Amino acid sequence: GKRDTDLILPINSSLSVTLHQDQLKTTTTAAASRDFTEDRLWLNGKEADVGHPRVQACLREVRRLARKRRGGGEDTATLSLSYKIHIASENNFPTAAGLASSAAGYACLVSALARLYGLEEELSEVARRGSGSACRSMFGGFVQWQRGERPDGTDSLALQVAPETHWPELRVLVLVVSGERKPVGSTAGMQTSVETSPLLKHRAEVVVPERLAQMMQHIRDRDFEGFGQLAMRDSNQFHATCLDTFPPIFYLTDVSRHIIALAHRYNAHHGHTKVAYSFDAGPNAVIFALADSVAEFVEVVRRSFPPSTNGDHDFLGSVGSRAAPHPNQGTLQAVGFPSVPDPCPAPQPGPGPQLVDDPSQHLLGADGLPRNRA
């Protein structure tokens, strides 16, 4: 939730992990030219509204910083700030489905614009103006978004807690329950929660500060038992605030709840926390595990959620729950894994935005238009 929706200032601090771009990524190309007649934006091949307030906020802030760096004047050797700009952005994962597409998108946008205009300063505050979570995506590894206290938001910044190399055994698997857009967007939903949920107020003021300190310690200690338990508890409480919102918000589906049940049965079978789930504002599951647990759990998921052509095989009994209801009520896609039994590496913590050096991977052609347009 936000205490200021214009500046995108949060009611509490938060923590996230940036995933490696080898599996999940947003790619953005930005170009400016005297030949462009207007600013334009394409998302996943389709032209989008470049006048969106959050897009404009990022453009305005980057241009302001570039102008400030140049001392208010125009250097003929640098890119003119009066040129119109074209931007193309693509995700290789579902957009607006609770998988942080806006965080990745705005972090990538701000990084591309900064590269275009030659900016090198810390830009998490600018990325925050597009999407709050984007400020965390400006860094790799484990990142805290600090709530801050100043009314102008200048102290509401991202801070890296640990680099992506800190916990090399950690893996992150995304189970895509639905790639469809959420019926209630994150921004609108959380603002309604701020206005109507007493539980959210208690969570922000009392619960989150203590849990944040605990989670950062678990990360520093690479304590997966503590990390996993706290991740699941916090995810559950977040969705409890969604139910406490009036009218209530339902992000989780029956399949989401079956994944939760499956994770608990799997852990109970092993006698300790081997996997942990977390759900953002959407039905899709983020599963944390250590490298040596990934292959087995992926097989459990595949057999518990088989395609309808696979018959009625129930694998829950083998993870310690004889009376468990059958979870085969929907299909899943395991992002980061092929559709065959042999698993490939699940995403690991990764770095912040990276420059794409290969021109063939750029999304805009020499004419400033997308190479692949829908």
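These figures come from a predicted structure and were not determined experimentally.

A. Up close: the overall build of the protein chain. Counting secondary structure elements, the protein chain contains nine helices and 13 strands. Among the 374 residues that make up the protein chain, the fraction classed as buried is 49%. By sequence separation, contacts in the protein chain at least 24 residues apart represent 72% of the contacts at least 6 residues apart. Of the roughly 18,000 Å² of accessible surface on the protein chain, 50% is carried by carbon and sulfur atoms.

B. Structural context of the packing of helix 8 (residues 254–270) against helix 9 (residues 291–304). Running from N to C, helix 8 and helix 9 point in directions that differ by 130°, and their axes come no closer than 12 Å. Here helix 8 is positioned oblique relative to helix 9, judged by the angle of their axes. As helix 8 runs across helix 9, the sense of the crossing is right-handed. Contact residues: Leu262, Tyr266 and His270 in helix 8; Ser293, Glu296, Phe297, Val300, Val301 and Ser304 in helix 9. Taken together, the residues of the contact of helix 8 with helix 9 sort by class into five nonpolar, three polar and one charged.

C. Highlighting the pairing of strand 10 (residues 170–176). When you tally the buried positions in strand 10, you get seven out of seven residues, the bulk of the element. Of the two faces of strand 10, both are covered, the one formed by Leu170, Val172, Val174 and Val176 as well as the one formed by Arg171, Leu173 and Leu175. Relative to strand 12 (residues 285–290), strand 10 is paired through six bridges, and the arrangement is antiparallel. Counted as the bridge partner of Arg171 is Ala289 from strand 12.

D. Structural view of the pattern of salt bridges. For the coordinates displayed, the defined rule picks out nine salt bridges. When the shortest N-O distance is used, the salt bridge between Asp39 and Arg63 registers 3.5 Å. Linking Asp39 in the loop between strand 4 (26–33) and strand 5 (40–43) with Arg63 in helix 1 (residues 53–69), this pair joins segments that are 24 residues apart in sequence. When the shortest N-O distance is used, the salt bridge between Arg203 and Asp234 registers 2.8 Å. Here Arg203, found in helix 6 (residues 198–221), pairs with Asp234, found in helix 7 (residues 224–244); they are 31 residues apart in sequence, far enough to count as distant. Looking at Arg203, the relative accessible area reads 10%, which means it is buried. Given the relative accessible area of 23%, Asp234 is considered partly exposed. When salt bridges that share partners are traced, they join Arg203, Arg211 and Asp234 into one network.

E. Molecular detail of the packing of helix 6 against helix 7. Direction vectors running N to C along helix 6 and helix 7 enclose 165°, while the axes themselves pass 11 Å from each other. One element, helix 6, and the other, helix 7, form an angle in the roughly antiparallel class. Our pair here, helix 6 against helix 7, has a crossing hand that is left-handed. Packed against helix 6, whose contacting residues are Pro198, Leu199, Leu200, Arg203, Val207, Arg211, Gln214, Met215, His218 and Ile219, the element helix 7 presents Gly226, Phe227, Leu230, Ala231, Arg233, Asp234, Gln237, Phe238, Ala240, Thr241 and Asp244 at the interface. Of the residues assigned to the contact of helix 6 with helix 7, the class counts are 11 nonpolar, five polar and five charged.

F. Expanded view of the pairing of strand 8 (residues 142–145). Burial along strand 8 is two-sided: Phe142 and Gln144 and Val143 and Trp145, pointing in opposite directions, are all buried. Direction of pairing for strand 3 (residues 14–17) relative to strand 8: antiparallel, over a ladder of four bridges. Bridge pairing in strand 8 places Ser14 opposite Trp145.

G. Inspection of the nonpolar core at higher detail. Phe227, Ile259 and Ile287 are the most contacted members of the largest nonpolar core, which totals 45 residues. Counting the residues that make up this core, at least three belong to each of domain 1 (1–164 + 355–373) and domain 2 (169–347). Once residues within four sequence positions are removed from consideration, Phe227 is found in contact with Trp167, Leu170, Met215, His218, Ile219 and Phe288. By size, the runner-up hydrophobic cluster in this structure holds 26 residues, among which are Ala66, Tyr106, Val110 and Ala134.

H. Quick peek at the environment of Glu225. For Glu225, the position within the fold is in helix 7. The exposure class assigned to Glu225 is partly exposed, which follows from its relative accessible area of 35%. Linking Glu225 and Thr273, residues 48 residues apart in sequence, is a C-alpha distance of 5.5 Å. Not counting residues up to four positions away in its chain, the partners in contact with Glu225 are His272 and Thr273. Polar contacts involving the side chain of Glu225 include one to the side chain of Thr273, which spans 2.9 Å.

I. Geometry of the sheet that holds strand 6 (residues 46–48). The strand order 4-7-5-6 describes an open sheet built from four strands, whose pairing is mixed. Whereas interior strands pair on both sides, the edge strands pair on one side only; in this sheet they are strand 4 and strand 6. Put simply, the sheet's adjacent strands are angled 25° from each other on average, direction ignored. Pairing of strand 4 with strand 7 (residues 84–91) involves eight bridges; the strand directions are antiparallel. Note that in strand 7 the partner of Thr29 across the bridge is Ala88. In the packing of helix 2 (residues 101–117) onto the sheet, contacts are made with strand 4 and strand 7, and the angle to strand 4 comes to roughly 35°.

Cut-off values and rules
Residues numbered from 1 in each chain as written. Predicted model: local features only at pLDDT ≥ 70, side-chain atom pairs only at ≥ 80, totals over all residues. Heavy atoms only, no water. Helix = DSSP H or I, 4+ residues; strand = E, 2+ residues; numbered from the N terminus. Buried < 20%, exposed > 50% of the residue type's maximum accessible area, 1.4 Å probe, protein only. Contact = heavy atoms within 4.5 Å. Areas by Shrake-Rupley, 256 points an atom, 1.4 Å probe, with all protein chains shown as cover. Axes fitted to C-alpha atoms, helices over the stretch in contact; angles between N-to-C directions. Parallel < 35°, antiparallel > 145°, perpendicular 65-115°, else oblique. Left-handed = near helix turned anticlockwise from the far one by under 90°. Nonpolar A, V, L, I, M, F, W, Y, C, P; charged D, E, K, R; others polar. Pairing = 2+ DSSP bridges. Salt bridge = Lys/Arg side-chain N within 4 Å of Asp/Glu carboxyl O. Core = buried A, V, L, I, M, F, W, Y, C linked by side-chain atoms within 4.5 Å. Domains from an automatic or database assignment. Polar contact = N/O pair within 3.5 Å; in protein donor to acceptor, adjacent residues only side chain to side chain.

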